[in-house]
Every structure is written in C-alpha cells, then in structure tokens.
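Listed here are the chains, written in short residue letters.
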Amino acid sequence: MTYTIESAQNIFSGTQIPSPIPATIALFDQLSVDDRLAYLWYAYTEMGRTITPAAPGAARLQLAEGLLTQIKQMSPEEQTKVMRDLANRIDTPINRSYGFFSVNTKLAFWYELGELMKQGIVAPIPTGYQMSPGVKVVLEATQKLDPGQQITVLRNTVVDMGFDTSDLTPSSSRKSVEPVFERTEPVTTNVKIEGIDEPAVLQYVEAMNADNFAAAIALFTADGALQPPFQKPIVGHEAIAKYMREEAQGLNMMPKQGICEVQPDGSKQVKVTGVVQTPWFGVNVGMNIAWRFLINPQGKIFFVAIDMLASPQELLNLRRM
Ligand code: 45D
C-alpha cells in the first residue's frame, strides 16, 4: 500500500480538538499596529511576573547584533517606527534582515529589545498611547490560556513579524550557522511510554532528547514528513534536518502514554501524548502536545504530526474517533 501525506494528516482526526491558540492569534491580527505592540508588551511583562525566558546566549545575540546596534543609535521616534514596521510586515531593509533570522534568533532579538526598553535605551510603547478595548479583549483571552499556550502565542506572533522572505534567497552573508542551546538538564534516555513499544517512536524521542538529529532523521522514510504545530508538513530528510537544527534544539520531550493500532497492511498508527519543554523556559513551562505517527510496515516513520493540545484533559484522549 502507498501512503500519501494527505491521508496521513488525517490519522486520529477524531481526537483533534481545536486549540485556542490560533483563535487568540486571529484576535491579535485584527488589532492596529500600535495595539499589537502594546498587547505584546503587556502580555510579556504580565507573564514575566511568574515566568521569564532564559537570556539568549552570546552566540545567538551576535546574529542579531547588527540590527540591535542600528536601533540603539536611532532617535526614539525612529525606534518606534522600526517596531511598527516589523509589526506591519512591510518591505524594508530591516524587515528583510529580520525575516532571514531563524525563529530562535527572532526571539532573541525581541528579548534584547525588551531588555533595552526596560532600561530606557529603546523607546517603550508610544507616549500617549491609550489601551483600546480590543487589546483588553486579547489580553483577557490570553490570560485564560495555560502557560504553554501563552508562550506559543507570543512565539508565533514574533515569528510572523518582519518581511516574509520565504520566496527570497538569502545572500551568502546571511546564511548563518545556528548556535546550539546548551542543555542544562541531564538527557533522559531509556524512554518509556505507557502503551507503546514501537521502536521507531521510542528511538525518535531518545534521539531528539539528545539533539541527535541524524539519528532521528534516519528513522524516517526518504519521503517522510514532519508536521509541526499549525504548519504544513516538512518533507524529506534534508528539509526536516534543517528544521530540527533551527527549531528543535534543546527540547525536552516527556511522552507519557499512547495507543498503537496495527493496520491490515502491517503499518501502524500511533498516537502519543505528553509534555514538551522549550530551552527558553526550561522546567518552568510544560506544553501539552500529541504526536501522531504513521509507521510503515518496515518500521520507518512516514509521517509525524505534532499538535498542541487544547487542554490537559486531551492528554488522556486517546480514543480512535
Ligand atoms: O513586539 O517532536 C516585547 C518540534 C514588546 C519538533 C516583545 C516539536 C514588543 C519535533 C515585549 C519587547 C519542534 C515540532 C515584542 C516536537 C514586541 C517534535 C517581546 C515541538 C515581540 C515535539 C516578546 C516543539 C518576547 C514545541 C521576547 C511545541 C517573547 C516547542 C518571547 C515550543 C517569547 C516552543 C518566547 C515554544 C517564546 C517556545 C521566548 C512555544 C518561546 C516559546
């Protein structure tokens, strides 16, 4: 039997409950540009009372240094304009540079801007800014989310800023080596998942928890795909490896339970739920997620989707339909 990515995307579709994350981001997207910047400031500082991200390493900040230095030298009015332009996603030289940053470098850039705003070196929210009712609505929606969902909203809004460079080729000077996230926690080996003994799944988690992406990729078929939360599938070893280097480093994956269904052709559909921690927040924030694997009869991963769960109750939702 041949599989298609489209059919694989639909496995365990009956257990998928829409996450409140896209709904919150849709509300955010409707705000005016100053409202969006103000929302991010309030959401970030409010969150910072309980959880704050780890400071990015020097190597990571170095990648954003050119832009940060430029911004520091600007007048407050110019600084405000840069931030408005970023939120407006228009085509400017700064927005292009930002657009070529990896996800983690974009986060590091804003982390540093946030620090500079707190120190008064970069202009804070425009003077005279009045919080609109719209901002209150999105902030209230955000407060109802669990911490793992809140940081995902922040992350996804940051990733969407700047100019979309996906159709552009970076100049060679812009292709930068992705710095590593140092692991602070000892690596969890010998993964155990209640209800699952599928080697490809257990080995996948072990490899990812050691940032051993070569070992993880080797578990996929050549045409295999990985579908991150709220994204299209990434297809093939090379593309998956690039994605993992940029976005999967330092993650701590703690799968808890799962079900495995053997199909008549010998392929297996596996759903696993558990918690993932990002190196930005470490043990302080857990994200409740599901992995949906399609394993071919030879034991290789043809497809895996990673979904953010709507609520912790979904961790136990392993029914088929
Ligand atoms: O605009 O199996 C200011 C995969 C105000 C791989 C600000 C995975 C102005 C395969 C406050 C300055 C990766 C898919 C902005 C598994 C302003 C796999 C700054 C899943 C913007 C399991 C804001 C991994 C700032 C997952 C600094 C689910 C915000 C990983 C910073 C999830 C926000 C990781 C940060 C997440 C958010 C990380 C640092 C959600 C980090 C979030």
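Residues numbered from 1 in each chain as written. Predicted model: local features only at pLDDT ≥ 70, side-chain atom pairs only at ≥ 80, totals over all residues. Heavy atoms only, no water.

S.K.: Any chance you could explain the packing of aromatic side chains here in plain terms?
M.R.: Remark: the centre distance and the inter-plane angle together describe each pair of aromatic rings, the angle taken between the planes. Applying the stated criterion across every chain yields a total of nine aromatic pairs. A centroid spacing of 5.5 Å and a plane angle of 65 degrees characterise the contact between Y98 and F109, whose relative ring orientation is edge-to-face. Separated by 11 residues along the polypeptide, Y98 in helix 6 (residues 93-100) and F109 in helix 7 (residues 103-118) bring together distant segments of the chain. As far as the burial class goes, Y98 and F109 line up, both buried. Taken together, Y98, F101, F109 and W110 form an aromatic cluster joined through their ring pairs. (Phe/Tyr/Trp six-rings, centres within 6.5 Å; stacked < 30°, edge-to-face > 60°. Helix = DSSP H or I, 4+ residues; strand = E, 2+ residues; numbered from the N terminus. Buried < 20%, exposed > 50% of the residue type's maximum accessible area, 1.4 Å probe, protein only.)

S.K.: Can you help me understand the environment of T165 in this one?
M.R.: Looking at the element boundaries, T165 is found in the loop between helix 9 (147-159) and helix 10 (199-209). Within polar-contact distance, the side chain of T165 engages the backbone oxygen of G99 at 2.9 Å. (Polar contact = N/O pair within 3.5 Å; in protein donor to acceptor, adjacent residues only side chain to side chain.)

S.K.: Sorry if this is basic, but what is going on with the side chain of S102 here?
M.R.: When you line up the elements, S102 lands in the loop between helix 6 and helix 7. The exposure class assigned to S102 is buried, which follows from its relative accessible area of 10%. Among the polar contacts listed, one links the side chain of S102 to the side chain of E178, at a separation of 3.1 Å. When residues no more than four places from it in sequence are discounted, the contact partners of S102 are R60, E178 and E246. (Contact = heavy atoms within 4.5 Å.)

S.K.: Whenever I open this one, helix 3 (residues 33-47) confuses me. Can you help?
M.R.: Residue pairs spaced three or four apart in an α-helix point in one direction, given the helix's 3.6 residues per turn. Relative to the 21 Å expected for 15 residues at 1.5 Å per residue, helix 3 spans 21 Å between its end C-alpha atoms, a close match to the ideal helical length. V33, D34, D35, R36, L37, A38, Y39, L40, A43, Y44 and M47 are the residues of helix 3 that are buried. Of the surrounding secondary structure, the elements contacted by the buried residues of helix 3 are helix 2 (20-29), helix 5 (76-88), helix 7, helix 8 (133-143) and helix 9. (Expected span 1.5 Å × (residues − 1).)

S.K.: Quick question: what am I supposed to make of the packing of helix 3 against helix 7 here?
M.R.: The geometry of a pair of packed helices is captured by two quantities: the angle between their axes and the separation between those axes. Relative orientation of the contacting elements helix 3 and helix 7 amounts to 85 degrees, with a least axis distance of 12 Å. For the element pair helix 3 / helix 7, the angle class is roughly perpendicular. Contacts from L37, W41 and Y44 of helix 3 reach helix 7 at W110, Y111, G114, M117 and K118. Residues belonging to the contact of helix 3 with helix 7 are distributed by class as follows: six nonpolar, one polar and one charged. (Axes fitted to C-alpha atoms, helices over the stretch in contact; angles between N-to-C directions. Parallel < 35°, antiparallel > 145°, perpendicular 65-115°, else oblique. Nonpolar A, V, L, I, M, F, W, Y, C, P; charged D, E, K, R; others polar.)

S.K.: Can you help me understand the pattern of salt bridges in this one?
M.R.: Opposite charge on two side chains makes pairing possible when the charged atoms of those side chains draw close. Going through the model one piece at a time under the given rule, you end up with 12 salt bridges. Between E46 and R49 there is a salt bridge; the shortest N-O distance is 2.9 Å. Assessed through its relative accessible area of 65%, R49 is described here as exposed. A salt bridge links R96 to D91; the nearest nitrogen and oxygen atoms lie 2.8 Å apart. We classify R96 as partly exposed; its relative accessible area is 29%. Overall, D91 belongs to the partly exposed group, its relative accessible area being 44%. (Salt bridge = Lys/Arg side-chain N within 4 Å of Asp/Glu carboxyl O.)

S.K.: What is the right way to read the confidence of the model for the chain from this model?
M.R.: Low pLDDT marks regions whose predicted coordinates should not be analysed in detail. On average, the chain scores 93 in pLDDT, and the residues at 70 or more come to 97%. Of the two predicted TM-score estimates for the complex, the pTM is 0.95 and the ipTM is 0.96. (pLDDT = per-residue confidence, 0-100.)

S.K.: In this structure, what is going on with the sheet that holds strand 1 (residues 220-227)? I would like to understand it.
M.R.: Within a sheet, each strand pairs with its neighbour through backbone hydrogen bonds, oriented either parallel or antiparallel. Read from one edge of the open sheet, six strands run 2-1-6-5-4-3, paired in mixed fashion. Edge strands, defined here as strands with exactly one partner in the open sheet, are strand 2 (234-235) and strand 3 (252-262). Bridge count between strand 1 and strand 2: two bridges; the pairing is antiparallel. Across the sheet, L226 pairs through a bridge with I234, a residue of strand 2. (Pairing = 2+ DSSP bridges.)

S.K.: Sorry, what's going on with the nonpolar core here?
M.R.: Taken as a class, soluble globular proteins show a tendency for nonpolar side chains to be buried jointly. Counting 85 residues, the largest nonpolar core has Y39, F109, W110, Y204, M244 and W291 as the members making the most contacts within it. The biggest single contributor to this core is helix 7, with nine residues. The contact partners of F109, leaving out residues within four places of it in the chain, are A64, L67, L68, I71, L86, Y98 and F101. Core analysis: the second largest hydrophobic core is formed by nine residues, L294, F302, F303 and A305 among them. (Core = buried A, V, L, I, M, F, W, Y, C linked by side-chain atoms within 4.5 Å.)

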